[in-house]
Amino acid sequence: MNRRKFIKNTALTGAGLSLGSTLVGCNNDTTKEAETTTVISNEDSKATLPLVIATWHVKEATAKAMEILQAGGNALDAVEQGCKVEEANEKGQSVGKGGLPDRDGNVTLDACIMDKHGNCGAVVYLQDITHAVSVARKVMEDTPHVMLAGEGAKQYAISQGFEAEDLLTDASKEAWEKWKVEAKYKPIINIENHDTIGMLAIDKNGDISGACTTSGLAYKMGGRVGDSPIIGSGLFVDNEIGAAVATGLGEEVVKTVGSFLVVELMRQGKSPQEACEEAISRIVNKPNSDYANFQVGYIAVNKQGETGSYSIHQWFSMTKFQDGVNEQIQSDYFNKA
């Protein structure tokens, strides 16, 4: 089952928002195995580096990231270039150009990136610039700040040579026009398409970086920002321990500082899988949790190259590229009722 089908069975209340996806992955499973690899082992596993994992079915993106790593690039270059593949995928309607707009018809992007040193950069509510993840990297590397927002982020991007363009494609505009007729701007449950690409990579040196980029909840209130660009919520990297990235209903991830939580649980000795499961339990076990009506998923990797993924509901998946194999892995999940 893909995410479009999944959303027909789960929705979220409040501000007229609901959860789904249309990110389309590719079926390219062929990329040459790295000429130079590193094997890291512990008592429980042996992991061959480099490796790349990402949320959902995005084999073209993970293939691009692995291509960078195999050519000698570092993990930071890999996650940026991998995420850019989906940002340029107009058919996806959930990341970058072609993303579904807010209720006023504006496509607004959120993204962040984090390197092996703990440096990070983010942009929120960015308009008219396709590659938000690359702007986030510029913020990280070339400014004294961590986050730029709105018009300021756009003007900074243009000053750095990014070209402004209309991100609202004909297909997304048509979907928005149809939504306006049905929703009438009322805070009701709607089937709206949304999701994120979050990517984590370990290069042959054993260094970890991560990135996350999205166009956010479709038909959201103007100005809404979710977890994706928030360091510690949508993404967190600790090169001594590991990294995690989140997807799903951002408001719930922010409330539990989810990605940071996953990494800290790994610091305490949990495996990536155990840490993802515990982070989900923190959400579903909250008093009066409405978890039956929204989705959250995590992926994680530790310094040993072990990976994990877990979600509230079925049909979340992780794409993993390692040992020459680029595969989609269905995640285990909490709500088996």
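That block above? That's the structure.
These notes cover the structure that comes with them.

Procedures and definitions
Residues numbered from 1 in each chain as written. Predicted model: local features only at pLDDT ≥ 70, side-chain atom pairs only at ≥ 80, totals over all residues. Heavy atoms only, no water. Helix = DSSP H or I, 4+ residues; strand = E, 2+ residues; numbered from the N terminus. Contact = heavy atoms within 4.5 Å. Buried < 20%, exposed > 50% of the residue type's maximum accessible area, 1.4 Å probe, protein only. Polar contact = N/O pair within 3.5 Å; in protein donor to acceptor, adjacent residues only side chain to side chain. Pairing = 2+ DSSP bridges. Axes fitted to C-alpha atoms, helices over the stretch in contact; angles between N-to-C directions. Phe/Tyr/Trp six-rings, centres within 6.5 Å; stacked < 30°, edge-to-face > 60°. Lys NZ or Arg CZ within 6 Å of the ring centre and 35° of its normal. Parallel < 35°, antiparallel > 145°, perpendicular 65-115°, else oblique. Nonpolar A, V, L, I, M, F, W, Y, C, P; charged D, E, K, R; others polar. Salt bridge = Lys/Arg side-chain N within 4 Å of Asp/Glu carboxyl O.

1. A short note on the environment of valine 79
- Its place among the elements puts valine 79 in helix H3 (residues 75-87).
- When the C-alpha atoms of valine 79 and isoleucine 53 are compared, they prove to be 9.5 Å apart, with 26 residues separating the residues in sequence.
- Among all residues touching valine 79, those that are not within four sequence positions of it are Ile113, Met199, Leu200, Ala201, Ser209, Gly210 and Ala211.

2. Details of the environment of serine 259
- Mapped onto the elements, serine 259 comes out in helix H8 (residues 258-267).
- For serine 259, a relative accessible area of 0% gives the class buried.
- It is 5.5 Å that separates the C-alpha atoms of serine 259 and phenylalanine 236, two residues lying 23 residues apart in sequence.
- Among all residues touching serine 259, those that are not within four sequence positions of it are Gly232, Ser233, Gly234, Leu235, Phe236, Ala244, Val245, Ala246 and Tyr298.
- Of note is the side chain of serine 259, whose polar atom sits 3.3 Å from the backbone oxygen of glycine 234.

3. Some points on the sheet that holds strand S14 (residues 325-330)
- Here eight strands make up an open sheet; going across it, the order is S6-S5-S4-S8-S7-S3-S13-S14 and the pairing mixed. Strand pairing shows two members of the sheet lacking a second neighbour, strand S6 (147-149) and S14, which therefore form its edges. Geometrically, the sheet is characterised by an average inter-axis angle of 10° between neighbouring strands, direction not taken into account.
- Examined bridge by bridge, strand S13 (residues 317-322) and S14 share six bridges and lie antiparallel to one another. Note on S14: the bridge partner recorded for serine 317 is glutamine 330.
- Sitting on the sheet, helix H4 (residues 132-142) touches strand S4 (109-114), strand S5 (120-126), S6 and strand S8 (208-214), and the angle it makes with S5 is about 130°.
- Packing against the sheet, helix H5 (residues 150-159) makes contact with S5 and S6, and its axis sits at approximately 105° to S6.

4. Overview of the packing of aromatic side chains
- Tallying each qualifying case throughout the model produces four aromatic pairs.
- With centroids separated by 5.0 Å and ring planes inclined at 85°, the aromatic side chains of tryptophan 56 and phenylalanine 316 adopt a geometry described as edge-to-face. Remark: phenylalanine 316 occurs in the loop between strand S12 (307-311) and S13 and tryptophan 56 occurs in the loop between strand S3 (51-55) and helix H2 (59-70); sequence separation between them is 260 residues. For the pair shown, tryptophan 56 and phenylalanine 316 are each scored as buried.
- For the ring pair tryptophan 179 and tyrosine 219, a centre distance of 4.8 Å and an interplane angle of 15° mean the geometry is stacked. In this pair, tryptophan 179 is assigned in helix H6 (residues 170-183) and tyrosine 219 in the loop between S8 and strand S9 (235-238), connecting sequence segments 40 residues apart.
- When its relative accessible area of 3% is taken as the criterion, tryptophan 179 is described as buried.
- Taking the relative accessible area as the measure of exposure, tyrosine 219 reaches 4% and is therefore buried.
- The ring of tryptophan 176 has lysine 180 sitting right over it, with the charged end atom 3.9 Å from the ring centre.
- Lying over the aromatic face of tyrosine 333, lysine 336 brings its terminal NZ or CZ to 4.4 Å of the ring centre.

5. A closer look at the packing of H4 against H5
- Across the interface, H4 lies against H5 with an axial gap of 10 Å and an inter-helix angle of 80°. The angle between H4 and H5 falls in the class roughly perpendicular. Taking contact as the criterion, the partners of Val135, Lys138, Val139 and Asp142 in H4 are, on H5, Ala153, Tyr156 and Ala157.
- Of the residues in the contact of H4 with H5, the class split is five nonpolar, no polar and two charged.

6. Observations concerning the sheet that holds S9
- Read from one edge to the other, the open sheet built from five strands follows the order S9-S10-S11-S12-S15, with strand pairing classed as mixed. Strands at the two margins of the open sheet, each flanked by one partner only, are S9 and strand S15 (332-333).
- Of the strand pairs in this sheet, S12 and S15 are connected by two bridges, and their pairing is parallel. Bridging across to S15, tyrosine 310 finds its partner in aspartate 332.
- Strand contacts of H8: S9, strand S10 (242-248) and strand S11 (296-302), with the helix running at about 145° to S10, the strand carrying the most contacts.
- Strands S11, S12 and S15 of the sheet are contacted by helix H9 (residues 272-284), whose axis makes an angle of about 20° with S12.

7. Section: the pattern of salt bridges
- Taken as a whole and assessed by the stated rule, the structure comprises 17 salt bridges.
- Close ionic contact of glutamate 90 with lysine 97 constitutes a salt bridge, the shortest N to O distance being 3.6 Å.
- A salt bridge links aspartate 238 to arginine 267, with the nearest nitrogen and oxygen atoms 2.2 Å apart. Linking aspartate 238 in strand S9 with arginine 267 in helix H8, this pair joins segments that are 29 residues apart in sequence.
- What makes arginine 267 partly exposed here is its relative accessible area of 39%.
- Within this structure, Asp77, Glu80, Arg137 and Glu141 form a network of salt bridges that share partners.

Note that every value here comes from positions in space, so none of it alone points to a role or purpose.
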